[in-house]
Amino acid sequence: MEQKELKRLLQITQEIYEKKNEVDATDIYKAAGITAAEANAFILKAEEENLADVVEIDMCCGADYVIKGLTKKGLALITE
């Protein structure tokens, strides 16, 4: 994922978070015009790079992820 796209998705995530206090893949892909798989990949990348506080919810057939906010590093990236 390119840095520009990562920044765009983080900005969208922050906007949704400010309204709902949490963000899931469905919120992201609807707002960003990307696929569900791309939204999930973004969430995992944001967690891996310590850009977002991600909570994993174990489901019977896999896992779902919820973003509980951006980290200081994530917020710094979107304000560059």
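Residues numbered from 1 in each chain as written. Predicted model: local features only at pLDDT ≥ 70, side-chain atom pairs only at ≥ 80, totals over all residues. Heavy atoms only, no water.

Student: Honestly, unusual backbone geometry in this entry has me stumped. Any pointers?
Tutor: Negative phi values dominate among residues other than glycine, just as trans dominates among peptide bonds. Within the chain, Asn-21 stands out as a residue other than glycine whose phi angle is a positive 65°. Looking at the element boundaries, Asn-21 is found in the loop between helix H1 (3-20) and strand S1 (23-24). Judged by its relative accessible area of 53%, Asn-21 falls in the exposed class. Of note in this structure, Asn-50 is not a glycine but carries a positive phi near 60°. By the element assignment, Asn-50 lies in the loop between helix H3 (36-48) and strand S2 (52-59). Judged by relative accessible area, Asn-50 falls into the partly exposed class, the value being 46%. (Helix = DSSP H or I, 4+ residues; strand = E, 2+ residues; numbered from the N terminus. Buried < 20%, exposed > 50% of the residue type's maximum accessible area, 1.4 Å probe, protein only.)

Student: I keep staring at the packing of H1 against helix H2 (residues 25-32) and nothing clicks. Help me out?
Tutor: Each packed pair of helices is defined by two parameters, the angle between the axes and the distance between the axes. Here H1 crosses H2 at 120°, and the two axes come no closer than 10 Å. Overall, the two elements H1 and H2 adopt an arrangement that is oblique. Here H1 runs over H2; the crossing is right-handed. Along its contact with H1, which presents Arg-8, Leu-9, Ile-12, Thr-13, Ile-16 and Lys-20, the element H2 presents Asp-27, Ile-28, Ala-31 and Ala-32. Looking at the contact of H1 with H2 residue by residue, the class counts come to 6 nonpolar, 1 polar and 3 charged. (Axes fitted to C-alpha atoms, helices over the stretch in contact; angles between N-to-C directions. Parallel < 35°, antiparallel > 145°, perpendicular 65-115°, else oblique. Left-handed = near helix turned anticlockwise from the far one by under 90°. Contact = heavy atoms within 4.5 Å. Nonpolar A, V, L, I, M, F, W, Y, C, P; charged D, E, K, R; others polar.)

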